[in-house]
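Topology and contacts: notes
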Amino acid sequence: MEIVKTAIAGCLLLKPRIYRDERGWFYESFNAEVLRDFVPEVMNFVQDNRSCSAKHVLRGLHFQQAPHAQAKIIQVIQGKVRDAVVDLRKDSPTYLQHFVIELDASDHQLMYIPAGLAHGFLSLEDETVFQYKCSAFYNPESESGIRFDDPDLALDWGVGHDNIRLSGKDRDLPSLKEVIG
Ligand SMILES: Cc1cn([C@H]2C[C@H](O)[C@@H](COP(=O)(O)OP(=O)(O)O[C@H]3O[C@H](C)C(=O)[C@H](O)[C@H]3O)O2)c(=O)[nH]c1=O
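Conventions adopted
- Residues numbered from 1 in each chain as written.
- Predicted model: local features only at pLDDT ≥ 70, side-chain atom pairs only at ≥ 80, totals over all residues.
- Heavy atoms only, no water.
- Helix = DSSP H or I, 4+ residues; strand = E, 2+ residues; numbered from the N terminus.
- Rg over C-alpha atoms; globule rule 2.2 N^0.38 Å.
- Buried < 20%, exposed > 50% of the residue type's maximum accessible area, 1.4 Å probe, protein only.
- Contact = heavy atoms within 4.5 Å.
- Areas by Shrake-Rupley, 256 points an atom, 1.4 Å probe, with all protein chains shown as cover.
- Lys, Arg positive; Asp, Glu negative; His and termini not counted.
- Charge placed at Lys NZ, Arg CZ, Asp CG, Glu CD.
- Near = heavy atom within 4 Å.
- Polar contact = N/O pair within 3.5 Å; in protein donor to acceptor, adjacent residues only side chain to side chain.
- Salt bridge = Lys/Arg side-chain N within 4 Å of Asp/Glu carboxyl O.
- UniProt positions renumbered as here; feature names shortened; annotations may be inferred.
- 1 Å grid on protein atoms, 1.4 Å probe; cavity = no way out; pocket = protein on both sides within 12 Å on 5 of 7 lines; lining within 4 Å.
- Phe/Tyr/Trp six-rings, centres within 6.5 Å; stacked < 30°, edge-to-face > 60°.
- Lys NZ or Arg CZ within 6 Å of the ring centre and 35° of its normal.

Along its length, the protein carries three helices and 13 strands. In terms of overall dimensions, the protein is globule-like: its C-alpha atoms have a radius of gyration of 16 Å, near the 16 Å expected for 181 residues. Seen through its C-alpha atoms, the protein measures out along the principal axes to roughly 50 × 35 × 30 Å. With 181 residues in all, the protein has 46% of them scored as buried. A separation threshold of at least 6 residues defines the contact pool for the protein, and within that pool the share at least 24 residues apart is 80%. Summing over all exposed atoms, the protein offers an accessible surface of approximately 9500 Å²; the carbon and sulfur share of this is 47%. Seen as two clouds, the 20 positive and the 27 negative side-chain charges of the protein have centres 1 Å apart.

Encoded structure:
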């Protein structure tokens, strides 16, 4: 597996070695021994989530507040997304840094997102299936987030905001300024 650093400290792209033959392909999508030196929570993933989204559905930006903050290893199983992360760790050298990256199921890339980052994605195709490992259990009481169109972040989702479909909960998310105080 190739481990690639991103613009945010500790957030890593994971590019598995793909074994192809006449039957198709195979790769290890998670291997604790391989990730041990790069992913502090490698042995603490306790929950896997999977969602399916229609085109232009945006889920996020979400995070769980400490002590329920979740590190995640995300992957697009089917379809394509624009995935966004924001560093909310006040002690991080990349505090408030953010980026958007396109992840396509056909690339088989994964991304490790440390605890303390806000995360969301925009589905670019119908039936986009998104799966991720979490290092802490779901704790709705600790859930928070940032609105997808926050003016201070100005995230580039690649489509007009009028085309984006949100849950009622996500429509009411606070701004970055409200979250960081
Ligand atoms: C997250 C979660 C949700 N649920 C239930 C609660 C709701 O009844 C239903 C849908 O939840 P929600 O609308 O919060 O799902 P998403 O909008 O996909 O949330 C996710 O969106 C972005 C992409 C993330 O990175 C977060 O991990 C996660 O919050 O599943 C559970 O039972 N367990 C869970 O871990």
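Before going further, it helps to examine the site of the ligand. Lining the immediate surroundings of the ligand are Gln47, Asn49, Arg59, His62, Lys72, His119, Phe121, Tyr132, Tyr138, Glu143 and Lys169. Within the side chain of Arg59, an N or O atom sits 2.9 Å from an oxygen atom of the ligand. Within the side chain of Lys169, one N or O atom sits 2.6 Å away from an oxygen atom of the ligand. In the complex, the protein chains occlude 66% of the 650 Å² of accessible area that the ligand would expose alone.

Attention now goes to the pattern of salt bridges. Pairing is possible between side chains that carry opposite charge, provided their charged atoms lie close to one another. Applying the stated criterion across every chain, the model contains ten salt bridges. Here Arg23 makes a salt bridge to Asp21, at a shortest N to O gap of 2.6 Å. The exposed category is assigned to Arg23, whose relative accessible area is 74%. Here the salt bridges share partners, and the residues they tie into one network are Lys80, Arg82, Glu102 and Asp156.

With that settled, the discussion passes to the UniProt feature "active site" (unreviewed entry) in the protein. Within this structure's numbering, the places UniProt gives as "active site" (unreviewed entry) are His62 and Tyr132. Judged by maximum C-alpha separation, these annotated positions cover 71 residues in sequence but sit close together in space, the widest gap being only 13.5 Å. As for the lining of the largest pocket, the annotated residues named previously contribute His62 and Tyr132. Leaving out residues up to four positions away in the same chain, His62 has contacts with Lys72, Leu117, Ala118, His119, Ser144, Gly145, Lys169, Asp170 and Leu173. A distance of 3.5 Å separates a polar side-chain atom of His62 from the backbone nitrogen of Gly60. Relative to the helices and strands, Tyr132 is located in strand β12 (residues 128-134). Setting aside anything within four residues of it in sequence, one finds Tyr132 in contact with Gln47, Asp48, Asn49, Lys72, Ile73 and Ile74.

A few words now on unusual backbone geometry. Phi is mostly negative for residues that are not glycine, and the peptide bonds are mostly trans. Gly60 connects to Leu61 through a cis peptide bond whose omega is -5°. For Leu61, the position within the fold is in strand β6 (residues 58-64). In the segment running from Ala66 into Pro67, the intervening peptide bond is cis, with an omega of 10°. Residue position: Pro67 is located in the loop between β6 and β7 (72-78). The backbone phi angle of Ala154 is positive, close to 45°, even though this residue is not glycine.

The next subject is the packing of aromatic side chains. Counted by the stated rule, this structure contains four aromatic pairs. For the pair Phe121 and Phe130, a centre-to-centre distance of 4.0 Å together with 15° between the ring planes defines the contact as stacked. Like Phe130, Phe121 is buried. Directly above the ring of Phe30 sits Lys133, whose terminal nitrogen or CZ lies 5.0 Å from the centroid.

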